[in-house]
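# Structural description and commentary
Listed below are the residues making up each chain.
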4 protein chains.
Amino acid sequence: MLFFRNDYGAGAHPAVLEAVLRTNMELTSGYGTDPHCLAAAETVRGLCGCPEAAVHFLVGGTQVNKTAIAAFLRPCEAVAAAASGHICVHEAGAVEGSGHKVLAIPAPDGKLTPALLEEAMAGPFSEHTVLPKLAYVSNTTELGTVYTREELYALGEACRRLGLLLYCDGARLGCAMEAGGTELADYARTCDAFTIGGTKNGLLFGEALVIVSPALQPDFRRYMKQQGAMLAKGRLLGVQFEAVLRDGLYRRLAAHANAMARRLAEGLEALDVPLLVPARSNQLFPILPAGAAEALAREVEFEVERQLDGARTCIRFVTAWHTQERDAAALLEALARILR
Amino acid sequence: MLFFRNDYGAGAHPAVLEAVLRTNMELTSGYGTDPHCLAAAETVRGLCGCPEAAVHFLVGGTQVNKTAIAAFLRPCEAVAAAASGHICVHEAGAVEGSGHKVLAIPAPDGKLTPALLEEAMAGPFSEHTVLPKLAYVSNTTELGTVYTREELYALGEACRRLGLLLYCDGARLGCAMEAGGTELADYARTCDAFTIGGTKNGLLFGEALVIVSPALQPDFRRYMKQQGAMLAKGRLLGVQFEAVLRDGLYRRLAAHANAMARRLAEGLEALDVPLLVPARSNQLFPILPAGAAEALAREVEFEVERQLDGARTCIRFVTAWHTQERDAAALLEALARILR
Amino acid sequence: MLFFRNDYGAGAHPAVLEAVLRTNMELTSGYGTDPHCLAAAETVRGLCGCPEAAVHFLVGGTQVNKTAIAAFLRPCEAVAAAASGHICVHEAGAVEGSGHKVLAIPAPDGKLTPALLEEAMAGPFSEHTVLPKLAYVSNTTELGTVYTREELYALGEACRRLGLLLYCDGARLGCAMEAGGTELADYARTCDAFTIGGTKNGLLFGEALVIVSPALQPDFRRYMKQQGAMLAKGRLLGVQFEAVLRDGLYRRLAAHANAMARRLAEGLEALDVPLLVPARSNQLFPILPAGAAEALAREVEFEVERQLDGARTCIRFVTAWHTQERDAAALLEALARILR
Amino acid sequence: MLFFRNDYGAGAHPAVLEAVLRTNMELTSGYGTDPHCLAAAETVRGLCGCPEAAVHFLVGGTQVNKTAIAAFLRPCEAVAAAASGHICVHEAGAVEGSGHKVLAIPAPDGKLTPALLEEAMAGPFSEHTVLPKLAYVSNTTELGTVYTREELYALGEACRRLGLLLYCDGARLGCAMEAGGTELADYARTCDAFTIGGTKNGLLFGEALVIVSPALQPDFRRYMKQQGAMLAKGRLLGVQFEAVLRDGLYRRLAAHANAMARRLAEGLEALDVPLLVPARSNQLFPILPAGAAEALAREVEFEVERQLDGARTCIRFVTAWHTQERDAAALLEALARILR
């Protein structure tokens, strides 16, 4: 079976594994207080051009979103997010579970804009309603779309104007940076906090949380502990992030995933297969005619996004750092055969 | 420096790492639905002699305690635990963070007994008070003491009589089984749910949660997701538990840790160093005269438990699967020199 | 100033006040365990034709909604409600504050239907999403629309089919019963739980919660206490509900409020003032041309619902048990003068 | 039956009821934004000598404690309270229900002291533990003991030094002021927030919350709404507090309750009935020999505090604004007869 189901199906990049192996028998303090985490945090601060940022390493995406939002907001304060946002749909109510409402803003391409935020903040809000206090964006979005550098700065400006914290879920930040022309320093200049996703870009697991705003930094490690989000052998996170961040591997892996997706997108265009939204990063949402998805599923692992009218099916292909050129070719070939 | 600080200072046992490496480039479904997790769960059920148990793999100890208790209890229902219990003191209010009071029961050796539970349940409880509904025990306890097989069954019987769920935090369950003569099947027969700790016994990370009571099983994976407790590359947990459970490695590693602790305990006795509580498992709590702890800290990493009267200091030594005989000898030698 | 701002602007109906006065110096047990609460609960059960129902008296609407939903649902379970529902917009995130997501279903007239519920329940739901478990409806709705007897039974049937609890917020249940031809027994037959609102129909304060489903009844008083929802001098609630329920006063007061609203609706029609939705109960939403709302506000207290296009303004008039015929006439006269 | 069960068994003082009656048909805005609440808040600020205090009126004691603590603390922050404190035992886990641990400090007379707080704050605290951030005291305490003016200022000083907010639950503040020689201004100078209890001192219901610290004031009304703690006909609270605060009635009612308790205490001493703690305010805890409590219960309503050794029973007598001299005499007479 060809595998285009997701970008967390394989283990870690060999360089990451090698680092885990190499450091295996070191004896260090736990919970992220070890030299590897300290060094990795310093590397992140350097790449962000932000020496005052607090950097924490957590295991997973829902965990970091939930912990950050629980720590940053007070009761009654709410989150504004695109209706397709991960925290709106795919985290089993984790944010609400810690007491905060998530306002879902319809956004066809999965991207918040200053205009959408302004409309959402027009209210009316009163002491009888929640008050949105944090804008959640994901880059890349859940639809594979990407914020450009300009869009990011515009969002940052809008959030400051509207009294919103800007939080960027960077579960696929590598692909977003490659596709949108952004650097870590851009996120440090625009966001109050953001994550650098490792799980989907070559690590066994791990999300780095960069807290830029000094007001949001105090006590964060205690909040992590309370949420069960401190890893005992925390250095595993530092070791892995060091391995991908030190020499640009993180960017190269993401660039490869994007390139494989572009390869697929070109092939799909040649086959006249439309996409739900224009392809920008490592997720593609092709729309197949009746019967084609079922046929393809016999040869390829992928996810069904949703049924459309006229029996058409929107499916999802995801590429990753380990996707092979020959597998992309084989996928297109299979599809060509089915659609013929 | 000699390292007796904790049992999570090193990485994984070579056999565990080898399994992670061997399966690294497999492409599987995520979040614990892969064949490795299914096989490991089956292995656990077999060892427990409990084919109907639900088995879940989570990353860490606070995470599994918090998630299980949040899932098992309804609002107003409380937990009864020894005052030294991990959830009482060292989890930053994780259980209270999900809305449940923890009643702290003083227990000098860290162990709950039927008598202590009966006293705690004598109340008075009313509609103006919380109602304890779950007894939390840890085995081994935070003081290194251990429940024997008889004590475990007596607790189980007391809990059923008192209308309490029995939950056993097995972060160090291997050491407890070796020291107390218990088998996994004993926990399955007495507890409503319990954990098998991997982090402190040879894994990179991982706690297996065994939910014995059918009433507590439904929807548990959704609760895990809501708590940020589902690992994307979940198979890492299955792969590691398979590696230690299939051929008895889990027990051998724990037996080694206990043996190293016994070695230390004998040496301490020879040195006339008293212990806070009698040594049973891989944690020892020696009481040192004034000045000795400071001197020892120059050569050995350990934790200070607390200051006692007369300037004596209670410290903690922890042994693990990787503790070397020669390091134990060196520690005793250093101590002999200091105390001379 | 004429007062059409809301239905909680005045105190209590004289018969209610008289009962409070008459019983003032009685010495009874507290927290709703007194003879008046017991008798009022019995009266409610009788009117509902449901001798097994549990009946509790709480002080306010947000309080009863929050307490009931927190008690009825487990973590990860969500609420489905019309987007205009009180819990969606006007309770400051009270339901999310106790950990539960509220799914907002667009419904132009504020009413859920079996078709809307079926669509909402079509999902996809998985262990990565919340699971809706309770449908919240308000009768009358926040737009003054009303569920008929047939609609109520259809909703009840749909909820049972879809695995949803049906909860009816009856803050204005009197007006709903008068307008929709429903009786308390109809709610007891279709809902798992519902409230009978006193605050907006002649009481100083008070909402009766009727829990029909036996599975939802245990421990509810303890949940009330935990939520701060037990009134110390609880008998005040029983005394007031007895005063309005025993001889039909509750229905007469609601009928009067509806009649006053009908009077206004006829007058508005004569003045060619359109309504946002057809008038059914004691809330009307007239749409006024540019400038008229501002002019009217000099003589009449009312609330602005929202600005519409073309500078038109949708406002809200609310009638109550104490609304005078002459005040309705004066309002229409003022409006006629302004619109001329 | 003579009634010494509690101080919320009767309705309201006639002057309070008269005010409710007199204002019944006024038409005002809701939720505490009316002129009566504004005036009553102004009166409170005046009595406190604290023009910058925020004053809110809530219905009940658990409600105000829960809402205030939820609003004041961030996640992981905990409360320190005497083990006998109301929030520790009699609020069904309301504080934990909003996510905060309550550390129970043993205090035989129910009173926290600077020394007890210092010991509690000695820790050790770390990022693995909660951090106490608010000291909760009740005055009078649940044992009827009272903080003097000096003790109150010493507590305030200790809290500032230890980084704790000081919160005083004044459910029986009138009796505490009369017995301890404190004035409202003393609380405003020492506490960050405190309540002035109405329910137990002549009102139908109502607790005034005085938030002295500016940092704790923002958004509080929204937190009230989220907790279901805003009364729709909020003016009822303002009207009642005006009635008792304007002319000193609040103090006179409390003085009467204390006087009746003193009368009882003298009688008990004459009968050689010991008290659990020395009598200071309107609650007494006599210790009766075997059988006496049962005999007394046939003539008098009271609560049993707990069984002591040797079959002795500690019971509770509570006096209130409406306790009659002749009832106190009758109680003592009955007791004399039984003990003879």
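Residues numbered from 1 in each chain as written. Chains lettered and ligands numbered in written order. Predicted model: local features only at pLDDT ≥ 70, side-chain atom pairs only at ≥ 80, totals over all residues. Heavy atoms only, no water.

### Observations regarding the overall build of chain A
Along the backbone of chain A there are 14 helices and 13 strands. A globule of 340 residues ought to have a C-alpha radius of gyration of about 20 Å, and chain A, at 20 Å, matches this closely. Structurally, chain A occupies a C-alpha span of about 60 × 60 × 35 Å along its principal axes. Out of the 340 residues belonging to chain A, those deemed buried represent 64%. Considering only residue pairs separated by 6 or more positions, chain A has 73% of its internal contacts joining residues 24 or more positions apart. Surface summary for chain A: the accessible area is close to 11500 Å², and the carbon and sulfur share equals 54%. (Helix = DSSP H or I, 4+ residues; strand = E, 2+ residues; numbered from the N terminus. Rg over C-alpha atoms; globule rule 2.2 N^0.38 Å. Buried < 20%, exposed > 50% of the residue type's maximum accessible area, 1.4 Å probe, protein only. Contact = heavy atoms within 4.5 Å. Areas by Shrake-Rupley, 256 points an atom, 1.4 Å probe, with all protein chains shown as cover.)

### Looking at the sheet that holds strand 8 (residues 207-211) of chain D
All names here are of chain D. One open sheet accounts for seven strands, arranged 2-8-7-6-5-3-4; its pairing is mixed. Every other strand in the sheet has two partners, leaving strand 2 (54-58) and strand 4 (102-105) as the edge strands with one partner each. Each strand axis lies, on average, 25 degrees off the axis of its neighbour in the sheet, ignoring direction. The sheet contact formed by strand 2 and strand 8 spans five bridges and is antiparallel. Within the sheet, the bridge partner assigned to Leu58 lies in strand 8 and is Glu207. Most of the contacts of helix 3 (residues 61-72) go to strand 6 (residues 165-169), to which it runs at about 170 degrees, and overall it touches strand 2, strand 3 (77-82), strand 5 (131-138), strand 6, strand 7 (193-197) and strand 8. (Pairing = 2+ DSSP bridges. Axes fitted to C-alpha atoms, helices over the stretch in contact; angles between N-to-C directions.)

### Side note on the pattern of salt bridges
Enumeration according to the criterion identifies 84 salt bridges over all chains in this entry. A salt bridge links Lys101 of chain D to Glu96 of chain B; the nearest nitrogen and oxygen atoms lie 2.7 Å apart. Of this pair, Lys101 of chain D sits in the loop between helix 5 (94-97) and strand 4 while Glu96 of chain B sits in helix 5 (residues 94-97), which puts the two residues in different chains. Look at Lys101 of chain D and you get buried, because its relative accessible area is 10%. For Glu96 of chain B, a relative accessible area of 1% translates into the label buried. When the shortest N-O distance is used, the salt bridge between Glu178 of chain C and Arg251 of chain C registers 2.7 Å. (Salt bridge = Lys/Arg side-chain N within 4 Å of Asp/Glu carboxyl O.)

### Quick look at the interface of chain A and chain D
Taken residue by residue, the interface counts 24 residues in chain A and 24 residues in chain D. Counting each side, the surface lost to burial between chain A and chain D is near 2000 Å², with a carbon and sulfur contribution of 47%. Among the ionic pairs, Glu127 of chain D bridges to Arg221 of chain A, the shortest N-O distance being 2.4 Å. Where chain A meets chain D, there are 14 residue pairs in polar contact (both at pLDDT 80 or more). Counting residues per element, the side of chain A that touches chain D draws most heavily on helix 10 (residues 220-226) of chain A, which supplies five residues. (Buried area = accessible area lost by both parts, 1.4 Å probe. Polar contact = N/O pair within 3.5 Å; in protein donor to acceptor, adjacent residues only side chain to side chain.)

### Quick notes on the confidence of the model for chain A
Atom-level detail of predicted coordinates should not be read off regions where pLDDT is low. Residues with a pLDDT of 70 or more make up 100% of chain A, whose mean pLDDT is 97. Predicted complex, confidence summary: ipTM 0.97, pTM 0.97. (pLDDT = per-residue confidence, 0-100.)

### Some thoughts on the packing of aromatic side chains
Aromatic ring pairs are described here by two measures, namely the spacing of the ring centres and the angle between the planes. Counted according to the given criterion, the structure contains 30 aromatic pairs over all chains. Arranged with centres 6.1 Å apart and planes meeting at 25 degrees, the rings of Tyr136 of chain D and Tyr167 of chain D form a pair that is stacked. With Tyr136 of chain D in strand 5 and Tyr167 of chain D in strand 6, this residue pair connects regions lying 31 residues apart in the sequence. For the pair shown, Tyr136 of chain D and Tyr167 of chain D are each scored as buried. Note on Phe302 of chain D and Phe317 of chain D: the rings are 6.0 Å apart at their centroids and 90 degrees apart in plane angle, and the pair reads as edge-to-face. You can see Phe302 of chain D sitting in the loop between strand 11 (300-301) and strand 12 (303-307) and its partner Phe317 of chain D sitting in strand 13 (residues 313-318), a full 15 residues away along the chain. Assigned by exposure class, Phe302 of chain D and Phe317 of chain D land together as buried. The ring of Tyr147 of chain C has Lys111 of chain C sitting right over it, with the charged end atom 5.5 Å from the ring centre. (Phe/Tyr/Trp six-rings, centres within 6.5 Å; stacked < 30°, edge-to-face > 60°. Lys NZ or Arg CZ within 6 Å of the ring centre and 35° of its normal.)

### Examining the sheet that holds strand 6 (residues 165-169) of chain B
Residue and element names in this part refer to chain B. In space, the seven strands of this open sheet follow the order 2-8-7-6-5-3-4, with mixed pairing throughout. Sheet topology places strand 2 (54-58) and strand 4 (102-105) at the edges, where each strand pairs with a single neighbour. Here the strands of the sheet are splayed against their neighbours by 25 degrees on average, with no regard to which way each runs. One ladder, built from five bridges, connects strand 7 (residues 193-197) with strand 8 (residues 207-211); its direction is antiparallel.

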